[in-house]
Amino acid sequence: MSDVIVQVVDSHTGGEPTRIIIAGGPDLGSGPLSERLLVLRERHDEYRSAVINEPRGSDVLVGGLLCEPYDRSCDVGIIFFNNAGYLHMCGHGTIGLMSTLYWLGRVRPGVTRVETPVGIVEAELLDANRVRLRNVPSWRYRTGVSVTLSDGEEVCGDIAWGGNWFYLVSRHGRELQLRDWQNLSAYALEIRAGLERAGITGAGGGEIDHIELFGPAASGNADSRNFVMCPGGAYDRSPCGTGTSAKLACLAADGRLPAGAIWRQESIVGSVFEGSWELAGELESAAALGLLGVGEVATGPVVVPTITGSAWVTGESRLILQESDPFCHGIRSI
Ligand code: PYC
């Protein structure tokens, strides 16, 4: 095998990094994005690890493989992944994608239709850095779900879909301060392990791989602060686009935020996404609720969240994958 050259553009959205692969990706065929994700996972997982993991990347990095869309109404396709595996959808990554495409001169301010493995999202570039994302339909599956941690602590939370599965906890008795990120990470990972032990999943058995803790905002400029634990053990520096979507679905279900009103979600590092929701149409609802298994019901309306945030390009490079390199395919810590 000769050296593989991978062309990438790096950005960050509210502090959370994204690496968009613009050339040098594996051939995944021309099927729907959900099928291409399976091909990537089954036949080219080493490639994901090479691009994301050390020594070329890090645990906090989210990668996005830019693809030709399958749906002809879309402008681009994208498959997101991280150090642990594959994301269904990624909000901060889509905002990063748009700033990257603008940097490359491939989009202008206006709406771009982006195909993901779990549906089409619309990303509106408002200026070079600011993006408004109309996410996939989101909804709350269960409310007041208790889980027992290994030390006996009982935690209660909601389970919601925002493009990924989230367990959302508001009452935990911890302050959400950046200097405590290691304790917060350990706590969130304990919750995830408790959910796994108890066999608690999203609808249709979907793995709950994101844990979201909420607390009061530190700035007077936001409604709430969150700490989001991602599947690979790194915390999200941004307020998490799919996590904020899951939160909006819960607020709608509880009647705590009217349709169209703005919710300002602050991250653990102080970056802010603005979110709002509208009721999903019949087709969108039916598609979203297709995740439900037999006998399962949603505990709130299906909403379409809109998330606005900012991203900046941080670098442009060619990664080199040499077969003779003992760490060619990255260091897999999990
Ligand atoms: O913004 O949706 C998001 C996200 C998921 C994981 C990291 N960021």
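Structure's up top.
Remember, predicted model here, so these are calculated numbers, not experimental data.

*Asks:* In this structure, what is going on with the layout of surface pockets? I would like to understand it.
*Replies:* To locate leftover empty space, one rolls a probe as large as a water molecule over the atoms. What the largest pocket holds in volume is close to 720 Å³. Listing elements by their share of the lining of the largest pocket, those giving two or more residues are α1 (33-43), β6 (119-125) and α6 (282-289). Its residues assigned to classes, the lining of the largest pocket shows 19 nonpolar, 7 polar and 7 charged. The computed volume of the second largest pocket comes to approximately 280 Å³. Elements supplying a minimum of two residues to the lining of the second largest pocket: β8 (139-148), β9 (154-161), β10 (165-169) and α5 (241-253). Looking at the lining of the second largest pocket residue by residue, the class counts come to 6 nonpolar, 4 polar and 5 charged.

*Asks:* Looking at this model, I keep getting lost on the pairing of strand β13 (residues 263-266). Mind explaining?
*Replies:* Remark: a regular strand shows side chains that alternate across the two faces of the sheet. Inspection of the sheet shows strand β12 (residues 224-229) paired to β13 by 2 bridges, in the parallel sense. Note on β13: the bridge partner recorded for Arg 225 is Glu 266. For the handedness criterion, the β-α-β arrangement of β12, α5 and β13 is classed as right-handed. Bridge count between β13 and strand β14 (residues 272-279): 4 bridges; the pairing is antiparallel. Looking across to β14, one finds that Trp 263 is bridged to Gly 275.

*Asks:* Looking at this structure, I do not really get the site of the ligand. What am I missing?
*Replies:* Taken together, the neighbourhood of the ligand is formed by Cys 90, Gly 91, His 92, His 210, Cys 230, Asp 236, Cys 240, Gly 241 and Thr 242. Between the ligand and His 92, the relevant distance is 2.7 Å, taken from an oxygen atom to a main-chain nitrogen or oxygen of the residue. Within the complex, the protein chains bury 99% of what would otherwise be the 240 Å² of accessible surface of the ligand. According to the grid-proximity analysis, the pocket containing the ligand is the largest cavity.

*Asks:* Honestly, the environment of Gly 330 in this entry has me stumped. Any pointers?
*Replies:* Position of Gly 330 relative to the elements: it lies in the segment after β15 (303-321). With relative accessibility at 16%, the residue Gly 330 sits in the buried group. Considering only alpha carbons, one finds Gly 330 and Gly 290, 40 residues apart in sequence, at a separation of 36 Å. What Gly 330 contacts, discounting residues up to four positions off in sequence, is Ser 49, Ala 50, Asn 53, Glu 54, Pro 55 and Arg 56.

*Asks:* Just to check I follow, could you spell out the packing of aromatic side chains for this structure?
*Replies:* Any aromatic ring pair is given by two values, namely how distant the centres are and how the planes are angled relative to each other. By the definition in use, this model includes 7 aromatic pairs. Measuring from centroid to centroid gives 6.3 Å for Trp 139 and Tyr 141, while their planes differ by 85 degrees, and the two rings are edge-to-face. As far as burial versus exposure is concerned, Trp 139 and Tyr 141 are alike and both buried. By way of ring pairs, the aromatic residues Trp 139, Tyr 141, Trp 161 and Trp 165 are connected into one cluster. Between Arg 174 and the ring centre of Tyr 187, over which it is positioned, the NZ or CZ distance is 3.6 Å.

What counts, and where the lines are drawn
- Going along each chain's sequence as written, the residues are numbered from 1 onward.
- pLDDT decides what is reported in this predicted model: residues at 70 or higher carry local features, side-chain atom pairs at 80 or more are listed and counted, and totals for whole chains, interfaces and linings draw on all residues regardless.
- To obtain the side-chain values, all non-hydrogen atoms of the structure were included, while hydrogens and water were left out.
- Buried and open spaces are told apart on a 1 Å grid over the protein atoms alone, a cavity being a set of points where a 1.4 Å probe fits but cannot get out and a pocket being an open set with protein on both sides within 12 Å along at least five of seven lines. Residues with an atom within 4 Å of a point are the lining residues.
- Grid points are joined across faces, edges and corners, and a volume is the space filled by probe spheres set on the points.
- Helix and strand definitions here come from DSSP, where helices need a minimum of 4 consecutive H or I residues and strands a minimum of 2 consecutive E residues; each element is numbered from the N-terminal end.
- Residues are grouped as follows: nonpolar covers Ala, Val, Leu, Ile, Met, Phe, Trp, Tyr, Cys and Pro; charged covers Asp, Glu, Lys and Arg; every other residue, Gly included, is treated as polar.
- Here the rule is simple: two strands pair whenever DSSP picks up at least two bridges between them.
- If the strands point away from the viewer and the path from the first strand over the helix to the second runs clockwise, then the crossover is right-handed.
- Near, as used in this document, describes a residue that has one of its heavy atoms within 4 Å of the molecule or strand being considered.
- Definition of a polar contact: a pair of N or O atoms within 3.5 Å, with one able to donate and the other able to accept a hydrogen when the atoms are protein atoms, and with sequence-neighbouring residues admitted only if both atoms are side-chain atoms.
- Each accessible area value is a Shrake-Rupley result obtained with a 1.4 Å probe; residue values ignore everything except the protein chains displayed when judging cover.
- Each molecule is assigned to a cavity or pocket provided more than half of its atoms lie within 2 Å of the corresponding grid points.
- Between buried and exposed lies partly exposed: a residue is buried under 20% and exposed over 50% of the maximum accessible area for its type, with that area taken using a 1.4 Å probe on protein chains only.
- Only heavy atoms matter for contacts: two residues are in contact if any of them lie within 4.5 Å across the pair.
- Pairing of aromatic rings covers Phe, Tyr and Trp, the last through its six-membered ring, and needs centres within 6.5 Å; plane angles under 30 degrees mean stacked, over 60 mean edge-to-face, and all others mean tilted.
- Distance and angle both matter: a charge sits over a ring if NZ of Lys or CZ of Arg is within 6 Å of the ring centre and within 35 degrees of the ring normal.

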